Amino acid sequence: MIHVLCRGVFLSQHAKPPGVKPAPPTTLVIFGAMGDLTRRLLMPALINMTRLGLVGEDFHVLGVGIDEGDDQVLRDALGNFDAKGGEGAGEKGDAWARLKNRVGYLQGDFTQDAVYDQLKSRISGNVAFYFAVPARFFGDIVDKLADHGLMKEARHAFRRIAIEKPFGHDLASARDLNARILDKVAEDQVYRIDHFLGKETVQNIMTARFANMMIERVWNADCIAHVQITAAETVDVGTRGKFYDGTGALRDMVPNHLFQLLAMVAMEPPASFDAEAIRNEKGKVLKAVRVYSSGQAKRNGVRGAYTAGKVQGHDVPDYTATADVAPDSHTETYVALKLMVDTWRWAGVPFYLRTGKAMTCRDTEIVVTFKPVPFASFHKTAAEMLPPNRLIIQIQPDEGLSMDINIKRPGLEVATAPIALDFRYADAFDIGHLTGYESLIYDLFAGDQTLFQRADAIEAGWAAVQPFLDLWAADGKPEPYEAGTLGPAAADALLAHDGHRWHELAPAGQTVP
Ligand code: BG6
């Protein structure tokens, strides 16, 4: 699997990764070819892959969409990125020039059989079907693909599906969707995408843990006091009201993105780096997240919705004044949870998760706070000044890792001072210009499911958040927080109750002391 073998090189913007073979010849059929996801993320990723030699001249794209048009219309629609310029634009232009003649378009309604009959005559060999369409169509598309014989694999021809989130909107619907899909295709044909797993720093969590004795040996309830996982966003709901008001922060971010981070932090070491070994461990730990009673959910969850305010100088309207959002909406734009992972390793260690829109700054991070040392040996030091060790995994922006430790302050007295050992990816590697989808798509073609979610893990994630969904559907409203702040006061109280505080968020380019 390429992520493990040559990650640092793979990230290079300009070099072809040595030793990495192009993916097998594949046709990528994209349902929703004219949509936002295809234009913003998939095509730029495919162009990067062409440029880096991760796909060869035998790679083809066939876009399916409802809009009138032919191959040229899709090529024109997707080629606009050239105008953006920026670093690597010339090379991107070259790659697009090479790829575009292998991009085709099939106009039609993918809820109707006719499209699938036409698809049959346009594809052969290895095919990956990518569902860049609203979630309500996922089940229908799988049924139709299978019923038209398009998912049947031959000895040298795979058939795979790549499904974007949201995968279900609660536990019951996720189970139904899994059952419906697995009724028609095998689990090893299903690639459930969580784009957080394409992020370099997310993949690095496993390396940081399992390639470093000094980390893994203290990675347990004996040494760790609590873990915080934050995905704070400055963006507000903006034009996504229709999707967001029926979804909310909990469904949008927690059972998927934040739980992927939690699983990486909390999983047991896999016996190997095989996809199934890793997915087994991730599945196990997600199943160990305590499923709360309604009363426990009430004590351990906080939700908020932003009110009008300023985010980094820009006016943001009240959430309920957003287009396509109900004026009396009870949908949350912020959520904070205290979760417990019921394994021997994590017994008694709270995992605090928070995510929200229209917050002070954009910051996705994991903060692992260690237990305090016994203070006796530092009797000449003000004990309360000796902060606990912390490991901060900065997922984005300013990708990196830092460790807070205490050292002796220079001088005759034995006095301590906290310092941070800091590593920024940007100082050592070229990390900036890939979309994160490159490695996911490469693995989809290569048949490596490590970075994709298995049915049981998806369902375990939903099971853990279901008590909050049930409680909040039945009870009250989110607490208000002003746009441009750190969320509702109740989220601070959630930690204060345990004697903790949220890690202060760092605006890009700054380090929090
Ligand atoms: C998406 C959510 O899955 O992830 C968005 O639907 C969210 O609401 C986004 O903004 C965050 O992803 P990233 O990569 O920008 O942190």
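Structural notes, computed from the coordinates. This is a predicted model, so every value here is computed, not measured.

### As for the sheet that holds strand β3 (residues 103-107)
Logical step 1: One open sheet holds the six strands; their spatial order is β3-β2-β1-β4-β5-β6, and the pairing between them is parallel. Unpaired on one side and paired on the other, β3 and β6 (190-192) mark the two borders of the sheet. Averaged over all neighbouring strand pairs, the angle between strand axes comes to 20°, with direction disregarded.
Logical step 2: As defined by bridge partners, strand β1 (residues 27-31) adjoins strand β4 (residues 127-131) across five bridges and the pair is classed as parallel. Along β4, the bridge assignment pairs Leu28 with Ala128.
Logical step 3: Across the sheet, helix α3 (residues 71-79) is in contact with β2 (60-65) and β3; its angle to β3 comes to roughly 115°.

### Points about the site of the ligand
Logical step 1: In the vicinity of the ligand, the contacting residues are Lys165, His195, Phe196, Lys199, Glu233, Arg240, Asp252, Met253, His257, Lys357, Arg362 and Gln396.
Logical step 2: The separation between an oxygen atom of the ligand and a polar side-chain atom of Lys199 is 2.5 Å.
Logical step 3: Within the contact set of the ligand, an oxygen atom lies 2.5 Å away from a side-chain nitrogen or oxygen of Glu233.
Logical step 4: Burial of the ligand by the protein amounts to 80% of the accessible area it has alone, namely 400 Å².
Logical step 5: In terms of residues, the shell around the ligand owes the most to one element, helix α11 (residues 248-266), which gives three residues.
Logical step 6: Of the residues belonging to the shell around the ligand, the class tally is two nonpolar, three polar and seven charged.

### Considering the packing of aromatic side chains
Logical step 1: Applying the stated criterion to the full structure yields 18 aromatic pairs.
Logical step 2: Aromatic side chains Phe59 and Phe445 sit 5.4 Å apart centroid to centroid with 40° between the ring planes, which places their arrangement in the tilted category. Of the two residues, Phe59 is situated in the loop between α2 (36-51) and β2 and Phe445 in helix α15 (residues 437-446); the sequence distance between them amounts to 386 residues.
Logical step 3: Among the aromatic side chains, those forming a connected cluster through ring pairs are Phe31, Phe110, Tyr116, Phe129, Phe131, Phe137 and Phe138.

### Some words on the pairing of strand β5 (residues 159-163)
Sheet faces and side chains relate simply in a regular strand, where the side chains alternate between the two faces.
Logical step 1: Within β5, five of the five residues are buried, leaving the element largely enclosed by the surrounding structure.
Logical step 2: Summarising the sheet, β4 and β5 pair through five bridges and their orientation is parallel. Counterpart to Val127 in the pairing with β5 is Arg159.
Logical step 3: A crossover links β4 with its parallel partner β5, the connecting element being helix α6 (residues 138-147), and its sense is right-handed.
Logical step 4: The sheet contact formed by β5 and β6 spans three bridges and is parallel. Counterpart to Ala162 in the pairing with β6 is Tyr191.

### A short note on the pattern of salt bridges
Logical step 1: For the coordinates displayed, the defined rule picks out 28 salt bridges.
Logical step 2: A salt bridge links Lys357 to Glu233, with the shortest nitrogen-to-oxygen separation between them at 2.7 Å. Highlighted residues: Lys357 in the loop between β12 (350-356) and β13 (363-370) and Glu233 in the loop between β7 (224-232) and α10 (241-245), separated in sequence by 124 residues.
Logical step 3: Among the residues examined, Lys357 registers a relative accessible area of 4% and is labelled buried.
Logical step 4: Across the salt bridge formed by Glu281 and Lys284, the nearest N and O atoms sit 3.3 Å from each other. Taken together, the residues span about one helical turn, with Glu281 and Lys284 both in helix α12 (residues 275-287) at a distance of three residues.
Logical step 5: The class of Glu281 is buried, set by a relative accessible area of 12%.
Logical step 6: Within this structure, Glu187, Arg192, Glu276, Arg279, Lys287, Arg454 and Asp456 form a network of salt bridges that share partners.

Each value, and the rule that gives it
- Residues numbered from 1 in each chain as written.
- Predicted model: local features only at pLDDT ≥ 70, side-chain atom pairs only at ≥ 80, totals over all residues.
- Heavy atoms only, no water.
- Pairing = 2+ DSSP bridges.
- Helix = DSSP H or I, 4+ residues; strand = E, 2+ residues; numbered from the N terminus.
- Axes fitted to C-alpha atoms, helices over the stretch in contact; angles between N-to-C directions.
- Contact = heavy atoms within 4.5 Å.
- Near = heavy atom within 4 Å.
- Polar contact = N/O pair within 3.5 Å; in protein donor to acceptor, adjacent residues only side chain to side chain.
- Areas by Shrake-Rupley, 256 points an atom, 1.4 Å probe, with all protein chains shown as cover.
- Nonpolar A, V, L, I, M, F, W, Y, C, P; charged D, E, K, R; others polar.
- Phe/Tyr/Trp six-rings, centres within 6.5 Å; stacked < 30°, edge-to-face > 60°.
- Buried < 20%, exposed > 50% of the residue type's maximum accessible area, 1.4 Å probe, protein only.
- Right-handed = clockwise from strand over helix to strand, strands pointing away.
- Salt bridge = Lys/Arg side-chain N within 4 Å of Asp/Glu carboxyl O.

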